[in-house]
Amino acid sequence: MKYLAIVAFVAVVASLAAALVFMLKKPADGKSSGHKMAFALAVRVAISILIFVSILLAWKFGYIQPTGIRAGQ
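Rules and cut-offs
Residues numbered from 1 in each chain as written. Predicted model: local features only at pLDDT ≥ 70, side-chain atom pairs only at ≥ 80, totals over all residues. Heavy atoms only, no water. Helix = DSSP H or I, 4+ residues; strand = E, 2+ residues; numbered from the N terminus. Buried < 20%, exposed > 50% of the residue type's maximum accessible area, 1.4 Å probe, protein only. Areas by Shrake-Rupley, 256 points an atom, 1.4 Å probe, with all protein chains shown as cover. Expected span 1.5 Å × (residues − 1). Contact = heavy atoms within 4.5 Å.

Caption draft 1: Looking closely at the overall build of the protein. Tallying secondary structure elements over the protein gives 2 helices and 0 strands in all. Split into buried and exposed, the 73 residues of the protein put 12% on the buried side. If you sum the accessible surface of the protein, you get close to 6,300 Å²; carbon and sulfur atoms cover 73% of it.

Caption draft 2: Helix α2 (residues 34-60), seen in detail. Over its 27 residues, α2 runs 39 Å from end to end, which matches the ideal 39 Å to within 8%, given 1.5 Å per residue. When α2 is considered as a whole, its buried residues turn out to be A40, I47, I51 and A58. In this fold, the buried residues of α2 make contact with α1 (2-24). Just beyond α2, the residue with positive phi is G62, at close to 85°.

Caption draft 3: The arrangement of the side chain of S15 in detail. Within the secondary structure layout, S15 lies in helix α1. Judged by its relative accessible area of 9%, S15 is buried. Contact partners of S15, with chain neighbours within four places excluded, come to A40, V43 and R44.

Now the structure itself:
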């Protein structure tokens, strides 16, 4: 489970880096690469939502437990 979370976070960072590359790179034909950047950002959002839902499901089914640490103490 821990390794799956690490892979997912690395995928989010890689997708964000790909969007940065597409934003900064000028294509040879002069056309905009905005659709590639938008797709990379959409993939990042989808992976982030998948991580959030996975954490909620893992909590619901008892795979992870809250630690009981309270804020401000």
